[in-house]
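Listed below are the residues making up each chain.
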Amino acid sequence: SEQFPDVAKFKFDNSISYGINAGYNLTEHFGVEFMWDRQDTNTVAQFSGGGNFDEKISTKIDQYHGNFLYNFRDEDEKLRPFVLVVLGATRASGAGTAQTKFSFGLGGGVKYFFTPNMGVRAQARWSPTYLFTTSGGVWCNWWGYCWNVPNDHFMNQGEVSVGWVFRF
C-alpha cells in the first residue's frame, strides 16, 4: 500500500464478532437497517520480498453499515427469507493508528418468528472494504488508443451470524 510500501498484504486472524442491528420496514417486503459490528482480531504484515513481520498487532475492526433488505413472503409468515445490500464504512484501528474506508456488501438469510414479536435471524454476509488503488498497467484497444488501468485493492470479509429478532 502507499502508506506501507514494503507490505504486500495484511493477514487478519479469524475471530468472533459482535454487534447490533436496528431496522424499520418501509413496506411489507422492503426494510432499512443500521448495523454496527466489531471484530477484535490480530494482524500480521507480509512483506513484498517475502516473510512476515515478527509481531502480530492487536486490531479492532468496526463496521458501520446501512442495510437495505428485501424480505420474501408475507410479514405474518413464521419463516421469512431475505437478501440484503450493504453500504457504509469500516474502521480498522491498532498500534496507535486508525483508518476509516468505504465498504459495501451483499448477503442473505432467514428470520424465523416463534411469536409475532420474537424470533431468530441467521445470515451470511460478504463485505469488502476499499483500501487503495495502484496502477494496473496500460491497456490498448484494437485502434491503438491506450490508457492506464487502475488496480483496486480490497479487504474482503465474510461473516455468518445468528441473533435474536424483536419486532415492535
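Note that the structure is predicted; figures quoted are calculated from it, not measured. (Residues numbered from 1 in each chain as written. Predicted model: local features only at pLDDT ≥ 70, side-chain atom pairs only at ≥ 80, totals over all residues. Heavy atoms only, no water.)

Thoughts on the packing of aromatic side chains
Then, in step 1: Inspection of every chain in the model, using the stated rule, returns 9 aromatic pairs.
Then, in step 2: With a centroid separation of 5.9 Å and 75 degrees between ring planes, the pair formed by Tyr18 and Trp36 is classed as edge-to-face. With Tyr18 in strand β2 (residues 17-25) and Trp36 in strand β3 (residues 30-47), the pair connects residues that are 18 residues apart, well separated along the chain.
Then, in step 3: For Tyr18, a relative accessible area of 41% gives the class partly exposed.
Then, in step 4: Taking relative accessible area as the criterion, Trp36 reaches 24% and is therefore assigned partly exposed.
Then, in step 5: By way of ring pairs, the aromatic residues Phe102, Phe104, Trp126, Tyr130 and Phe154 are connected into one cluster.
Then, in step 6: We note Lys111 situated over the ring of Phe82; from NZ or CZ to the ring centre the distance is 5.5 Å. (Phe/Tyr/Trp six-rings, centres within 6.5 Å; stacked < 30°, edge-to-face > 60°. Helix = DSSP H or I, 4+ residues; strand = E, 2+ residues; numbered from the N terminus. Buried < 20%, exposed > 50% of the residue type's maximum accessible area, 1.4 Å probe, protein only. Lys NZ or Arg CZ within 6 Å of the ring centre and 35° of its normal.)

Side note on the pattern of salt bridges
Then, in step 1: Scanning the entire structure with this criterion turns up 5 salt bridges.
Then, in step 2: Between Asp62 and Arg38 there is a salt bridge, with the nearest N and O atoms lying 2.9 Å from each other. Of this pair, Asp62 sits in strand β4 (residues 57-71) while Arg38 is found in strand β3, placing the two residues 24 residues apart along the sequence.
Then, in step 3: Of the residues examined, Asp62 reaches a relative accessible area of 3% and is grouped as buried.
Then, in step 4: Between Glu159 and Arg125 there is a salt bridge, with the nearest N and O atoms lying 2.7 Å from each other. Here Glu159, found in strand β8 (residues 146-166), pairs with Arg125, found in strand β7 (residues 118-140); they are 34 residues apart in sequence, far enough to count as distant.
Then, in step 5: For Glu159, a relative accessible area of 16% puts it in the buried group. (Salt bridge = Lys/Arg side-chain N within 4 Å of Asp/Glu carboxyl O.)

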